[in-house]
Amino acid sequence: MSNLPSEPEFEQALHEITSTLEPLLQKKPEYRRALAVVQIPERVIQFRVSWERDDGSIAVNRGYRVQFNSALGPYKGGLRLHPTVNLSILKFLGFEQIFKNALTGLTMGGGKGGCDFDPKGKSDNEIRRFCYAFMQELSRHIGDNTDVPAGDIGTGGREIGYMFGAYKKLRNEFAGILTGKGGSWGGSFIRPEATGFGLVYYVTEMLKDLDNTDWVGKRVLISGSGNVAQYAALKVIELGGKVLTLSDSTGSLVATSEEGFSPEDISTIADIKLARKPLTAFEHNGRFTYHEGKRPWTLVDKADVALPSATQNEVDGAEAKALAKAGVRYVAEGSNMGCTQEAIDFFESTRAAVTSLDKKDNIVFYAPGKAANCGGVAVSGLEMAQNSQRLTWTPAEVDAKLKDIMVTCYKTCWETGTEFAQGGAVPSLVAGANIAGFIKVADAMRDQGEWW
Ligand code: NDP
């Protein structure tokens, strides 16, 4: 028995990857040695963050940065600010990030960080003082050639700005040490949109390749109403789909008509979320029903696509079956580890039960977050490239590169899935993503003498 403390989320992510690597490990058993090495972070930094509340009292939180793997480039991954943050969650996110970054085709290692600070209910001044205090310690461990954090849950443009300002004061250095920066001070066009847009571009490829179809008229369920959910919704609407649901940590909104959400609704919801208010603050004159404490997956009878875009483990086994019953054929994660292992097992069982793509109507195709949501970190990588050149690319240039990365990522997942499909089975996108990402990282680690 292991004498290590239990880390449920990290163990879940490790299990998800290792279970799909088996066909590779059987063909090339030497990769088992790489697997033993890659699951241990290169470095974990834990630190105290004490900051001053508006009333002058001192608050204290736990800060972290997991520098998981630098085989392909500087550590890269977001900073999560949420009361549930702990080392298990950051290790799971950092571990996933290694392979996700590999799938972008860019030169980025994997990392993740954050703090158990709750931004909700804090004044702008408190957020600013917290970000300065957090960066006071984090600034010692990051750098444009070392580790380049970005946003995640609770860390948006405002927080990145405060953290960047703190770093600049502490180090007297204007450097690309964070991504998701403002447009006039080193940010990239399309970075805020990138994860949601990239998710939709990935599913566009699935629709085209697997069913020779597109988004027009598709009924789409989205969870969350933050950065990823908002931009995924906008792109789905632009491409002719109907967004029927959005949610937050308090409940879900479900459209009462076929029209679903409009771009204006999404913009109003973005303002509500910027003010850190719940979805109940959204005024809609009865165009939606609100379901307190519920996730969207069981609330709609008929749908085609589901895009979990809130947080980890937000689709369980029963909800996965409800999605299939409603007719959903495509599930792609905007969130990291959006589906529980039971949900993934169910989706994958629909694929494994079919031996030929001729019977694909019975399959719920599942795209894991490490592939489907890699557009965010990909544009972060493009932001780093622009910072290195001290240039700004146009929105059209960045969007074209993002699309290209998502198309290539889908093809890599499908082709690797095909190569390792056993007994003529329909390829698995999750196995394809995991094996392709793992081989790339493991080979670089071997070249660098980390295992042999
Ligand atoms: P935001 O903070 O902008 O939005 C998060 C959304 O999820 C909010 O609607 C929030 O509700 C909801 N949510 C958060 N925690 C829970 C919970 N425990 N239960 C139910 N709902 C919850 O974050 P992002 O949109 O940036 O991130 C969403 C997901 O996408 C995360 O898994 C993140 O790791 C992943 N991701 C994000 C990327 C990015 O570029 N931003 C890149 C790749 C992945 P409320 O408003 O009530 O808090």
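Below, the structure is looked at part by part. Quick caveat: nothing in here was measured; it's all calculated off a predicted structure.

**Notes on the sheet that holds strand β4 (residues 110-115)**
Phase 1: Spatially, the 5 strands line up as an open sheet ordered β1-β2-β4-β3-β5, and their pairing is mixed. Every interior strand has two partners, whereas the edge strands, β1 (43-52) and β5 (147-150), have only one. For this sheet, the mean angle separating the axes of adjacent strands, direction not counted, is 20°.
Phase 2: The pairing of strand β3 (residues 75-81) with β5 spans 4 bridges and is parallel. Each bridged residue has a counterpart across the sheet, and for G77 the counterpart in β5 is P149.
Phase 3: Contacts between helix α3 (residues 87-103) and the sheet are confined to β1, β2 (58-69), β3 and β4, with β4 contributing the most and set at about 150° to the helix.

**Description of the packing of helix α1 (residues 8-27) against α3**
A pair of packed helices is characterised by two quantities: the angle between their axes and the separation of those axes.
Phase 1: Contact geometry of α1 with α3 gives a least axis separation of 6 Å together with a crossing angle of 25°. By the angle between their axes, α1 is roughly parallel relative to α3. Residue-level contacts link P8, E9, F10, A13, L14, E16 and I17 of α1 to S88, I89, K91, F92, F95, E96 and F99 of α3.
Phase 2: Of the residues belonging to the contact of α1 with α3, the class tally is 9 nonpolar, 1 polar and 4 charged.

**Concerning the nonpolar core**
Phase 1: One finds Y202, M206, L307 and F347 to be the most contacted residues of the largest nonpolar core, which totals 76 residues.
Phase 2: Discounting residues that sit within four places of it in the chain, L307 has contacts with L199, V203, W215, V220, L221, I222, S223, V236, W297 and A332.
Phase 3: Within the second largest apolar cluster, 34 residues are counted, among which are L21, V38, M445 and W451.

**Focus on the site of the ligand**
Phase 1: Taken together, 25 residues sit near the ligand, with K120, D152, T195, S249 and N336 positioned nearest.
Phase 2: In this structure, A310 approaches the ligand through a main-chain N or O atom, which is 3.5 Å from an oxygen atom.
Phase 3: Taking 890 Å² as the accessible area of the ligand by itself, protein coverage stands at 82%.
Phase 4: Listed by contribution, the elements that provide at least two residues to the shell around the ligand are α6 (191-211) and α7 (227-238).
Phase 5: Class assignment for the residues of the shell around the ligand results in 3 nonpolar, 15 polar and 7 charged.

**Description of the pattern of salt bridges**
Pairing is possible between side chains that carry opposite charge, provided their charged atoms lie close to one another.
Phase 1: In total, this model carries 25 salt bridges according to the counting rule given.
Phase 2: Residue R32 is joined to E22 by a salt bridge in which the shortest nitrogen-to-oxygen separation is 3.0 Å. Separated by 10 residues along the polypeptide, R32 in helix α2 (residues 31-38) and E22 in helix α1 bring together distant segments of the chain.
Phase 3: Here R80 makes a salt bridge to D152, at a shortest N to O gap of 2.6 Å. With R80 in strand β3 and D152 in the loop between β5 and α5 (157-171), the pair connects residues that are 72 residues apart, well separated along the chain.
Phase 4: Judged by its relative accessible area of 4%, R80 falls in the buried class.
Phase 5: Overall, D152 belongs to the buried group, its relative accessible area being 19%.

**Observations concerning the sheet that holds strand β6 (residues 219-222)**
Phase 1: Taken in spatial order, the 7 strands line up as β9-β8-β7-β6-β10-β11-β12 in an open sheet, and their pairing is mixed. The outermost strands of the open sheet, each flanked by one partner alone, are β9 (288-292) and β12 (365-367). Sheet twist, expressed as the mean angle between neighbouring strand axes with direction ignored, is 15°.
Phase 2: The sheet contact formed by strand β8 (residues 251-255) and β9 spans 5 bridges and is antiparallel. Residue L253 lies in a different strand from β9, and its bridge partner there is Y290.

**A word on the packing of aromatic side chains**
Phase 1: One pass over the structure, following the stated rule, counts 23 aromatic pairs.
Phase 2: Each ring, one from W51 and one from F117, has its centre 5.3 Å from the other, and the planes form 85°; the classification is edge-to-face. Residue W51 is found in strand β1, and its partner F117 is found in the loop between β4 and α4 (124-138); the two are separated by 66 residues along the sequence.
Phase 3: A relative accessible area of 1% places F117 in the buried class.
Phase 4: In this structure an aromatic cluster arises from ring pairing among F10, Y31, F68, F95, F99, F438 and W451.
Phase 5: Sitting above the plane of the F420 ring, K27 keeps its charged end 4.6 Å from the centroid.
Phase 6: Sitting above the plane of the F10 ring, K91 keeps its charged end 4.3 Å from the centroid.

**Observations concerning the environment of V441**
Phase 1: For V441, the position within the fold is in helix α14 (residues 429-447).
Phase 2: Relative accessible area serves as the criterion here: at 1%, V441 is assigned to the buried category.
Phase 3: Each C-alpha atom, one on V441 and one on N101, is 9.6 Å from the other, the two residues being 340 residues apart in sequence.
Phase 4: If near-sequence neighbours (up to four positions away) are discounted, V441 is found in contact with V38, N69, A71, L72, I98, F99 and A102.

**Comments concerning the side chain of R80**
Phase 1: Polar side-chain contacts of R80 include one of 2.9 Å to the side chain of Q312.
Phase 2: The residues contacting R80, other than those within four sequence positions of it, are V85, I89, L93, G113, G114, C115, D152, I153, T155, T311 and Q312.

What counts, and where the lines are drawn
- Residues numbered from 1 in each chain as written.
- Predicted model: local features only at pLDDT ≥ 70, side-chain atom pairs only at ≥ 80, totals over all residues.
- Heavy atoms only, no water.
- Pairing = 2+ DSSP bridges.
- Helix = DSSP H or I, 4+ residues; strand = E, 2+ residues; numbered from the N terminus.
- Axes fitted to C-alpha atoms, helices over the stretch in contact; angles between N-to-C directions.
- Contact = heavy atoms within 4.5 Å.
- Parallel < 35°, antiparallel > 145°, perpendicular 65-115°, else oblique.
- Nonpolar A, V, L, I, M, F, W, Y, C, P; charged D, E, K, R; others polar.
- Core = buried A, V, L, I, M, F, W, Y, C linked by side-chain atoms within 4.5 Å.
- Buried < 20%, exposed > 50% of the residue type's maximum accessible area, 1.4 Å probe, protein only.
- Near = heavy atom within 4 Å.
- Polar contact = N/O pair within 3.5 Å; in protein donor to acceptor, adjacent residues only side chain to side chain.
- Areas by Shrake-Rupley, 256 points an atom, 1.4 Å probe, with all protein chains shown as cover.
- Salt bridge = Lys/Arg side-chain N within 4 Å of Asp/Glu carboxyl O.
- Phe/Tyr/Trp six-rings, centres within 6.5 Å; stacked < 30°, edge-to-face > 60°.
- Lys NZ or Arg CZ within 6 Å of the ring centre and 35° of its normal.

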